[in-house]
Amino acid sequence: MKYFTQSKRFHALMPLFALMLLVTSCNKELEQFPDTVVTPPTGETLDKVLESTASDSLYYRLIVRGGQLGLINSNANLYTMFVPDNMG
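Residues numbered from 1 in each chain as written. Predicted model: local features only at pLDDT ≥ 70, side-chain atom pairs only at ≥ 80, totals over all residues. Heavy atoms only, no water.

Chemist: So what exactly am I meant to see when it comes to the overall build of the protein chain here?
Modeler: Within the protein chain, the regular secondary structure consists of four helices and zero strands. Along its sequence from the N terminus, the protein chain presents helices and strands in the succession α-α-α-α. When the 88 residues of the protein chain are sorted by exposure, 8% land in the buried category. Summed over its atoms, the accessible surface of the protein chain is roughly 8,300 Å², and 62% of this surface lies on carbon and sulfur atoms. (Helix = DSSP H or I, 4+ residues; strand = E, 2+ residues; numbered from the N terminus. Buried < 20%, exposed > 50% of the residue type's maximum accessible area, 1.4 Å probe, protein only. Areas by Shrake-Rupley, 256 points an atom, 1.4 Å probe, with all protein chains shown as cover.)

Written out as structure tokens, the structure is:
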């Protein structure tokens, strides 16, 4: 009877040992990702686009009056703006 309970316990723990062996046997290296190269944007800055568009003149004057022209003039800061035209 003692042998039967030990054998039963061994058979119950066998799948757990097999799972531990399977999980620990994978010696994979972590995946290495290449460094991304950031290319600076080309083209006009936001202040030049606002200045050249006649239908956005009110928004451009608001930017100039608020002293924020230097903020959107830089190529280092990348901004996306939704600018309504003078009619909207």
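Next comes the rest of the write-up.
Chemist: What is the right way to look at the confidence of the model for the protein chain in this model?
Modeler: Low-pLDDT stretches of the model should not have their predicted coordinates read in fine detail. Residues of the protein chain with pLDDT of at least 70 account for 80%, and the chain-wide mean is 76. For the protein chain, the element scoring lowest by mean pLDDT is helix 1 (residues 2-24), at 73; helix 3 (residues 57-66) scores highest, at 85. (pLDDT = per-residue confidence, 0-100.)

Chemist: Explanation requested: a nonpolar patch on the surface in the structure shown.
Modeler: Taken together, the side chains of Phe 10, Leu 13, Met 14, Leu 16, Phe 17 and Met 20 make up a nonpolar region of the molecular surface, amounting to roughly 580 Å² of accessible area. Here Leu 16 is to be found in helix 1. (Patch = residues over 30% accessible without salt bridge, like charges linked within 9 Å, V, L, I, M, F, W, Y side chains within 5 Å. Salt bridge = Lys/Arg side-chain N within 4 Å of Asp/Glu carboxyl O.)

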